[in-house]
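Given next are the chains, with one letter for each unit.
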Amino acid sequence: MSETFQTTLSIEGLNCAGCAARAERALLSVPGVNAAAVNFATRTASVKHDGATPQAIAGALSAAGYPARHSDEILEIRGMTCAGCAGRVERALAAAPGVLEASVNFASGTAHVRYLDGMTDPVALQRVVASAGYSAKTPVRDGAEDADPETSELTQTRRAALAGLALALPVFLLEMGGHLFPPFHHWIGRTIGHEASWVFQFLLTTVALIGPGAVFFRRGIPALLRLAPDMNSLVALGTAAAWTYSTVALFAPSLLPQGAQAVYFEAAAVIVALVLVGRWLEARARGRTGAAIRRLIGLQPKTARVRRSGEFVEVPLADIGVNDILQLRPGERIAVDGSVTGGQSFVDESMITGEPDPVRKAIGDWVVAGTINGSGVLTYRAERIGRDTTLAQIIAMVQEAQGAKLPIQALADRVVRVFVPIVMALAVLTIAVWLAFGPEPVLSHALVAGVSVLIIACPCAMGLATPTSIMVGTGRAAEMGVLFRKGDALQALGEIKVIAFDKTGTLTLGRPELTDMVVTPDQDDASVLAQIAGIEAQSEHPIARAVVQAAARRGLVPPEADAVEAVNGLGLRGRVDGRDILIGSAQLMRQCGIPSDVFERHYRMFQDQAKTPVLVAIDGRIAAVLGVADPIKPGAAAALSALRAEGIEVAMITGDAWGTARAVARQLGISLIEAEVLPGEKRDAVRRLRDAHGEIAFVGDGINDAPALAEADVGLAIGNGTDVAIESADVVLVSGDLAGAVNALHMSRATLRNIRQNLFWAFSYNALLIPVAAGVLYPALGVMLSPILAAAAMALSSVFVLTNALRLRGFKPLLRDSAPDSPSTPMPSPVVAE
């Protein structure tokens, strides 16, 4: 009889008792759920089930519109020594009750777990990891001090490696020194004697195995008994075989065939030492892969000067509250996000945005934690603290991306899962073949070949190939102002065929200016502009702000407007001084039956000049046409040219009229245009482009871009855009410059290229050297791979992969951010239509 579980879940979206009933029915429809009760008051569900998966339960609630609340947890995993370990921890976590998904990163030693609240918790997850033979802990957050796990691991591996080398070196010299230098062999025979030398080797090797080498037995043997052998199991079996054979040859030689009485203590001792040295080098390299994250964390100061009782005093970061007033002296780092309340200075924001030029800050301007103040003194109000600061969110984004698994890693994971058992079977087969067909001494040859196969076949390089490149690549991208919010976007971006850009605020500065105004002879331009400004003052649209600013520059006071409303995304209507005013596109005028032929020439001329024409009708008659120009961003043309040079099709999606869109496209060299697209239709435009050209990325910054960002294969949000757009995106371009899109593409391709190099090396290494270790070259060349050389090659394979990944730290951005925006140009004098 299957076991029955009772679980309490937190549910979102319950607004009434009817909602609770619907959520309850959704739960009861899940196979394996025996009973369910949803409490509307507490927003919880009590579920009894005997086989329902967390994914099925969460899916049913989401489909009903009442998603279960879930949490994300990062665990630090201790005790993993190879990719096989990571696979076992990942499978154990994924099978735990309540876990929706789990991803273990061997390179960073972390596990990212998403689970349903109520079905499990971090403590239970730590127990799951412990049951798999490893240990886990939740990282200390919010400024609490804790030992750096990477530093701790590096210290432990260094000590173990040095101890192993100190014990192995005398053994190696005693046994192999005579082969390399025959007089040394004779000297040993004349002094201590060869048998005493063997005893000394036995003692040192035994200390090496029960001392620094004990880790292989402590972790490898239990894994072997659980029928889940790992790299530790291979080393434990190989060294134990060499030590046991040698011990028998030393103390009970009569048990071995004549001619097979040789010792291999040096193999066991040196294997332990070399594997430990490899892990030490590996730990050093892995530590360097996370350097970008540590640099970001180090940007935040530990203390800040905060106003208390009228004076500024030094307080710990954790004691800063929202609305506290902080003082920033020259050269200091900004502690939290906030707005300047006093003073002027220039702030170096390059560590957050990648933009090298200091930014002027004055009263009302926003400052970001981690950036460096220049020579001035500022006071600022704390508005975002702790995990809400931009720096904390960047760190969280990068950590999440670094813990992700790319589709390209799937093959390596499948191979690693079965690799160690296959290697053990190959080692047994190798020994059997040598025992059956090998030359004398048969047993010695069989032992050497079998141990070599066990030692050389390390899956670590395969397991490190992808995550190390991801860690270094995403970290380096963050330093350049490109944040991969989702790790799989790193691969998807490198495979896209077309990049579509929103126009306003993305290709252009997003600050339109009224450059032209033409009125009919019976209208007064100042009166018309004031009336239009009265209506536009109630809109947040960029064109509306341009009109209001133009009226202000002319000293006009807009009259009060009423009954203002938006019309189908095409414009505005309202009443001013008793007159009905309609403002918008030619399409809007046609829908309302208002002829606009008088301004057809001006309308087309503005479009040809890449200006947005806006028609104005008063009391049902056309009265004016406005020309609004949104300057193209500095560097936009260079960025798009660089993308085309990389073989990427460039498209533009805009709500502007076709004429304006074509004019902008001509200036920027864009061949694919989707114009007059209503806000709700941008997602459909992305789909059309995908159907015609393949995988697509979309770059945007506004709230109306969010559906398109989510629809695209990869969504890139301009960092100075809206929070909604950023939340919908896969990649954030922090500086807001289009050079970031080019650099993101190049970083993606460079990382994928690096991963493929690593995987090729890891697979080729094992494919080539396992047969050599088994002795396939012996019949033809008389060559056998020594277990010592096998251990050295195994260690070097992981170090090679890590070193190759670290090359990404030197990645240079293809384009630098462009120059600051040019100042605004005042509107010329209005024109009266002929």
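An unreviewed UniProt entry lists the protein chain under the name Heavy metal translocating P-type ATPase, with Sedimentitalea xiamensis as the source organism. Entered under Sequence similarities (unreviewed entry) in the UniProt record, the comment concerning the protein chain runs "Belongs to the cation transport ATPase (P-type) (TC 3.A.3) family. Type IB subfamily."

## Focus on unusual backbone geometry
Unusually for a residue other than glycine, A563 sits at a positive phi of about 55°. Within the fold, A563 resides in strand β20 (residues 561-566). Under the relative-accessibility criterion, A563 is labelled exposed at 55%. Positive phi is not limited to glycine here, since D577 has a value of about 55°. Inspection of the secondary structure puts D577 in the loop between β21 (571-576) and β22 (579-584).

## A word on the packing of helix α15 (residues 442-456) against helix α30 (residues 787-806)
Here α15 crosses α30 at 10°, and the two axes come no closer than 8 Å. Considering their axes alone, α15 and α30 lie roughly parallel with respect to each other. From α15, V448, V451, S452, I455 and I456 reach across to α30, where they touch P787, A790, A791, A793 and M794. Of the residues in the contact of α15 with α30, the class split is nine nonpolar, one polar and no charged.

## Quick word on helix α23 (residues 636-645)
Here α23 has its buried residues at A636, A639, L640, A642 and L643. In an axial view of α23, the angular spread of the buried residues amounts to 155°, which keeps them on one side of the axis. On its buried face, α23 sits against β18 (498-502), α18 (503-507), β25 (649-653), α24 (658-668) and α28 (739-774).

## Things to note about the sheet that holds strand β9 (residues 311-316)
In sheet architecture, strand pairing relies on hydrogen bonds along the backbone and comes in two forms, parallel and antiparallel. Spatially, β9-β8-β10-β16-β11-β14 is the arrangement adopted by the six strands of the open sheet, whose pairing is antiparallel. In the strand order of this sheet, the two ends are held by β9 and β14 (366-367), each with one partner. Judged from the two bridges that link them, strand β11 (residues 337-342) and β14 form a sheet pairing that is antiparallel. Counterpart to S339 in the pairing with β14 is W366.

What counts and what doesn't
- Residues numbered from 1 in each chain as written.
- Predicted model: local features only at pLDDT ≥ 70, side-chain atom pairs only at ≥ 80, totals over all residues.
- Heavy atoms only, no water.
- UniProt positions renumbered as here; feature names shortened; annotations may be inferred.
- Helix = DSSP H or I, 4+ residues; strand = E, 2+ residues; numbered from the N terminus.
- Buried < 20%, exposed > 50% of the residue type's maximum accessible area, 1.4 Å probe, protein only.
- Axes fitted to C-alpha atoms, helices over the stretch in contact; angles between N-to-C directions.
- Parallel < 35°, antiparallel > 145°, perpendicular 65-115°, else oblique.
- Contact = heavy atoms within 4.5 Å.
- Nonpolar A, V, L, I, M, F, W, Y, C, P; charged D, E, K, R; others polar.
- Arc of directions from axis to C-beta.
- Pairing = 2+ DSSP bridges.

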